[in-house]
Structure formats: C-alpha cells, structure tokens
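# Residue-level structure breakdown
Here is what each chain is made of, one letter per residue.
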Amino acid sequence: MNVREDDDTETDRPAGNSRALTLAVCSAAIGGTFQYGYNLSIINAPTNHIQRFINDTYWERWGTGLDTSQVTLLWTVIVSAFSLGGLTGALLAGPMAVRCGRKNSLLLNNSFLFLGAVLALTSRAARSVEMIIFARLLVGINAGVSMNIQPMYFVESAPKHLRGAVAFSSAVFTAFGIFLGQVVGLTELLGTEPLWPYLLASNALPGLLQLLTLPWFPESPRYLLMDRGNKEACARALGRFRGGADFSLEMEEMLQEQADAGGATAKIQTPWDLFSNRSLHPQLRTVMAASSAMMLCGNDSIYFYASYIFLAAGIPVEKVQYVSIGTGACEFTAAVVCNLLIERVGRRMLLSGGYALMAVWALVFTLALTLQGYSVPGMPYLSMACVFCYILSFGMGPAGVTGILPAEIFDQTARPAAYMVAGSLMWINLLIVGMAFPFLVSYLNALCFIPFCCVCVTASLFVGLTLPETKGRTLAEITAEFDRSLLKKGPEKQGPEPMKEQYQLGKALSLTTIDPEPLSHLLDPEPLSLTALDQSLSLSQP
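Overview of the structure. (Residues numbered from 1 in each chain as written. Predicted model: local features only at pLDDT ≥ 70, side-chain atom pairs only at ≥ 80, totals over all residues. Heavy atoms only, no water.)

Summing up its helical and strand segments, the chain has 26 helices and 0 strands in all. Taken across its 542 residues, the chain has 51% of its residues classed as buried. Pairs at least 24 apart in sequence give 82% of the contacts found in the chain among residues at least 6 apart. Per element, the accessible surface of the chain, about 24,900 Å² overall, is 66% carbon and sulfur. (Helix = DSSP H or I, 4+ residues; strand = E, 2+ residues; numbered from the N terminus. Buried < 20%, exposed > 50% of the residue type's maximum accessible area, 1.4 Å probe, protein only. Contact = heavy atoms within 4.5 Å. Areas by Shrake-Rupley, 256 points an atom, 1.4 Å probe, with all protein chains shown as cover.)

Below is the structure:
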C-alpha cells in the first residue's frame, strides 16, 4: 500500500508542479519567440503589394517610376531591416536582462512592437515607404530581445529534469508563429492588397496578450537569488513554479553555482570578459559555431524567399501560398515532436543528427533541381519534398537546441553576455544569408544549396566532436567536461577552482548561517613566534 501511495504521489506531482510553469511559458512565448516566427513569415504574403506600393509612392513623389532592380533593392532593404533590428535587440538584451530582470525585460520589449505596429498600420495612408522600413526595424529589435531573454527566463525557471523541454518550447512557439503568419497571410484573410497594412500590424495582438498575462507570474528564481540576493522572493517563485514540491536541493545548486562564480558580489561579465577568459573559450566556441550554423544552414532563406524556391521547383503560381503553409506546419510538427524527445535523446544527438540530415536533403534537393532542368518527370515534386524534409530536420534539432546552449553551459554571471554574442552572430548571419541568397540563386541556379550543405556537414561534425551532453547535468558537471577538453590541448591557465570543500550539495541548507571558524585565522591572525621561525629555519638546513 505504501508503494502505491508513493507512486500516486509521484504521478500527481508533475501536473501540479508544471501548471504555473506551463502557463508562464505560454505567456512569455506568445509575446516572445512567437513574434520572431510570426514577423518572419507575414512579410512574404504582401511582397507584390508592397513592391507595387513602393513604385506608386516613388511616382507620386518624383513623377517617374522605378525599374525592377530598384524596386527589388528597396524591398531587400525592408527585409533586411528586420535583421538589423534583431542585431540591435540582441545587443540590448544583455543589459536589459541584468538591470530589469528577465520578466520585466520581456514586458518592456513590447514597446518596440507597438510602435512598429502603429507605423506599419499608418504607412500606406502616409504614403511613406520609410515608415515600413522603420516599422520592420522596431519589430526586429523586439525579436532580438525576446530571442535572447526568453530562453534565459525558461531555463532559470524550470527544474533540471524539465529544463530542455521547457527551453525547447521557444522553438515550438517560433514554428507556431511561422505557421500562423502564413495562414493569416492567405489571400482569403489579410493577404490582399487593401489589407496588407493590417497584416503587418497584426503582431500587436500577441504582444497585448502577453502584457495582460505575464505580470501575474513570478520573475526567474535564479535571477532573484543570484542577481538580486533576495532569498525570500526566490523561495516564493520556486513555490509557485514547483507547486509546493520540495525545492531545497535546487536552492543548494543555485548557491553552489553562485559560490563557484565568486560569491554574491561576483561581477556580471561582458562579452569582452568572455573572450578574455581562456577557461571559457571551449564554451564560447561551441555557442558561436552553433549560433552561426543555425542561420548559415539556409533554413530561414526558405521563409524569406519561399515563393521563389517553389516557383523554381515547378509549383504553379496559384498554389505557392498553400505550399508555403506546409513548410510552417512541418517545422511546427517537428518542434513539438522534438520537445517530447529532447529529455530522452539528448541535445548533442538532436543537434548533430539534425544537421547531418539537412546535409543529405540538401544534396538530394540539388540533384532534383539539376534533373528538373533536363525535364525529368516528377522532379518538381521531389524538390518540394526535399524542402519539407529539410525543414523537418531543422525543426528536430538545430531550431530549438541552439537557443538552449548558452543557458546550460554558462553560469549566471556570464549567461547574458553569452546570449549577446550568440544573438549577434545569429542576426548578422541571417542578414548575410538574406542578402546573399538571391545572388546564389542567380549565379548557382540548381547548385544554390551546395553552400548550405557544406555548412551543415561542418556543423554536424563540430558539434558531434566538441559538445558534451548537457541533458540532466548540473552546470558544474558540464563545466568540468569542458575543462577536461581544454586540458587535453595544453596546460593553459584556468579559472579559479570551484569551492567544493566550502560548499557541497546535501551537506547543509542553512541559507542564513555560515560557520565563521575556518576564516577566523584570517580575521585575527596570531603573530609568528621566534621559536617557530627558528624551528622552520633549522628544518631547511642541510
């Protein structure tokens, strides 16, 4: 009977523990990474309408029209403004997360979104292309901030056994935003010429929903304890997120991490500090490579230029918008499945395996496009299937695992700076790919995915060889694994050893009492006697 009661308790605990955390995740994500996916996809539907608006506006101002290349250039500026704004947001995210906290930063971030929505909504009435550019810039800032701060909030609020699944939900909401943006952009909804300003401004609704719901949930417990030093607020937040379950061991882990980082007075690190600290170079290389590969793999090019890819694959013009919805549905499905698998399969397998599969599908896609040029039957449909498989492989690993890594392999003092570095590289590479992909299509034609294939192969090998598995492991264990890899390369100068003897898990959870006895000799040292000095000198004589 006792065993049955224990089993019932364990069965009931996850539902009770995860209810508040689940609602907080939904509230944060609907105005966070959801916005990145949503704003990434809604710009595709009104492409022709906005390009026509650009030409008409120029005619009204100057009495002459623009040729096709000039319109394409201005359209590229509008698309690229989103990436430039994302880079700005990534640089702002670190200081915002430290000064305002994780939750408050997400709430303040909506100010960029609302201002951008107003500019987009009024741009056609004002006959201003510049307002569209500035609106996309502000929306990009919103996405850049949320893409960095939201994973921090999730990882720092989730228990260790759910850390990967909770953090991976960022990718689930990104994929959901892409899918919903494609649906809303259909010509039967907001994808028509009169309604495209409302389509661009529709991102304000999820932001409003976040403003109404997120304030009811606690701040990140780790931020409250380790950045603010507020143990009572941390205990209340953990009580809400854990549903009354015992969280004493979890607070011990936080205190050990704080002690390893230098105590309560530890300085928050900057990106320059990360590059200057040799002991963090393995972690930094891993995050930089993963973040760069996530954008250089070419997956987001499919969303920026989905119409061009499917037209090149032989899909009829009237069917392209429906095929594009399939790409969003594929990534959303893959993200949901991966969210269920991440705590079983592990991070390294999903990340390395995902890139390996993407490399395979890129090769098949290249072959299909080449044979399509020779009018081989069925190749357009094989090309379309390859695109779907490419997106599925991306969603099964790189889409979500990449955003988790900085939170899992860096401590509290280095985490904001690590996300600044990772986020900056992501947005810079997204801008590069967005600008270069049309030229790749023009010059390489059927071979346009070969560079992406090379990136995927390199990323798969690098991750498989250098990234230790982080599933279910503490930061101290993950750091020790990176330190061992660093020692194999040579006796470089390491950081301070963890304070293992001064603080050990399970030995004590007296958060307010510290035994001063070991430090008393430092506070009141005894003078060294002459007799003791003579004895020490005599021992050194031959």
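Still to come is the rest of the account.
Time to look at empty space enclosed by the protein. Counting across every chain of the model gives 3 cavities of 30 Å³ or more. As a volume, the largest cavity reaches approximately 250 Å³. In terms of lining, the largest cavity is formed by 26 residues, of which the most central are M147, M294, A399, G403 and M426. Counting residues per element, the ones that place at least two in the lining of the largest cavity are helix 2 (33-41), helix 7 (129-157), helix 8 (163-184), helix 15 (281-296), helix 16 (299-304), helix 21 (398-409) and helix 22 (415-444). (1 Å grid on protein atoms, 1.4 Å probe; cavity = no way out; pocket = protein on both sides within 12 Å on 5 of 7 lines; lining within 4 Å. Points joined across faces, edges and corners; volume = space filled by probe spheres on them.)

So, about the packing of helix 18 (residues 320-345) against helix 19 (residues 347-372). At their nearest, the axes of helix 18 and helix 19 sit 7 Å apart, and the two run at 120 degrees to each other. Taken together, the axes of helix 18 and helix 19 lie oblique to each other. Facing C338, I342, E343 and V345 of helix 18, the residues of helix 19 in contact are R347, M349 and L350. Considered class by class, the residues forming the contact of helix 18 with helix 19 number 5 nonpolar, no polar and 2 charged. (Axes fitted to C-alpha atoms, helices over the stretch in contact; angles between N-to-C directions. Parallel < 35°, antiparallel > 145°, perpendicular 65-115°, else oblique. Nonpolar A, V, L, I, M, F, W, Y, C, P; charged D, E, K, R; others polar.)

Geometrically, a pair of aromatic rings is defined through the distance of the ring centres and the angle of the planes. Tallied over the entire structure, the rule returns 12 aromatic pairs. Each ring, one from F34 and one from F176, has its centre 5.7 Å from the other, and the planes form 45 degrees; the classification is tilted. Placement of the pair is F34 in helix 2 and F176 in helix 8, with a sequence separation of 142 residues. Given a relative accessible area of 1%, F34 falls into the buried group. For F176, a relative accessible area of 28% gives the class partly exposed. Arranged with centres 5.5 Å apart and planes meeting at 70 degrees, the rings of F82 and W427 form a pair that is edge-to-face. One end of the pair, F82, is in helix 4 (residues 68-99); the other, W427, is in helix 22, with 345 residues separating them in the sequence. The exposure class of W427 is buried, given its relative accessible area of 2%. Through pairs of rings, three or more aromatic residues link up here, namely F34, Y38, F176 and F332. (Phe/Tyr/Trp six-rings, centres within 6.5 Å; stacked < 30°, edge-to-face > 60°.)

Taken together, the side chains of L363, F439, Y443, L444, L447 and I450 make up a nonpolar region of the molecular surface, amounting to roughly 610 Å² of accessible area. Considering each element in turn, the nonpolar patch owes the most residues, 3 residues, to helix 22. Locating L447 in the fold gives a position in the loop between helix 22 and helix 23 (450-466). (Patch = residues over 30% accessible without salt bridge, like charges linked within 9 Å, V, L, I, M, F, W, Y side chains within 5 Å. Salt bridge = Lys/Arg side-chain N within 4 Å of Asp/Glu carboxyl O.)

We now examine the side chain of T470. With respect to the helices, strands and loops of the structure, T470 is situated in the loop between helix 23 and helix 24 (475-489). For T470, the contacting residues outside a window of four places in its chain are R163, R347, E408, I409 and I478.

Counting buried positions over the 9 residues of helix 2 gives 9, a clear majority of the element. The complete set of buried residues in helix 2 reads T33, F34, Q35, Y36, G37, Y38, N39, L40 and S41.

The biggest cluster of nonpolar side chains holds 123 residues, and the ones touching the most others in it are Y36, I50, Y153, F168, Y355 and F410. Sort the elements by how many residues they give to this core and helix 7 lands first, with 15 residues. Leaving out residues up to four positions away in the same chain, I50 has contacts with I43, W75, I78, I132, W196 and L200. L225, M226, L238 and L255 belong to the second largest nonpolar core, which has 11 residues in total. (Core = buried A, V, L, I, M, F, W, Y, C linked by side-chain atoms within 4.5 Å.)

As a further point, take the environment of T64. Its location among the elements puts T64 in the loop between helix 3 (47-62) and helix 4. Here T64 is in contact with Y58 and W59, once residues within four sequence places are set aside.

This brings us to the pattern of salt bridges. One pass over the structure, following the stated rule, counts 10 salt bridges. Note that R61 and E130 form a salt bridge whose closest N and O atoms lie 2.9 Å from each other. On the criterion of sequence distance, the pair formed by R61 in helix 3 and E130 in helix 7 is long-range, its members being 69 residues apart. Between E408 and R163 there is a salt bridge, and its shortest N-O distance comes to 2.8 Å. Taken together, the residues E408 in helix 21 and R163 in helix 8 connect sequence positions 245 residues apart. Each member of the pair, E408 together with R163, is buried. Overlapping salt bridges bring together R163, E343, R347 and E408 as one network.

End to end, helix 20 (residues 379-395) covers 24 Å across 17 residues, agreeing with the expected 24 Å (1.5 Å per residue, within 8%). All of the buried residues along helix 20 are M379, P380, S383, M384, C386, V387, F388, Y390, I391, S393, F394 and G395. (Expected span 1.5 Å × (residues − 1).)

With that settled, consider the side chain of T57. Among the secondary structure elements, T57 is positioned in helix 3. By relative accessible area, T57 is classed as buried at 2%. Separated by 2.7 Å, the side chain of T57 and the backbone oxygen of F53 make a polar contact. Sequence-distant contacts of T57, that is, excluding residues within four places in its chain, are made with R127 and V129. (Polar contact = N/O pair within 3.5 Å; in protein donor to acceptor, adjacent residues only side chain to side chain.)

Here the focus is unusual backbone geometry. If a residue is not glycine, its phi is most likely negative; likewise, a peptide bond is most likely trans. The phi dihedral of R127 is positive, around 55 degrees, even though this residue is not glycine. Its location among the elements puts R127 in the loop between helix 6 (110-126) and helix 7. Since its relative accessible area comes to 28%, R127 is described here as partly exposed. Despite not being glycine, N445 has its phi angle at roughly 55 degrees, a positive value. Its place among the elements puts N445 in the loop between helix 22 and helix 23.

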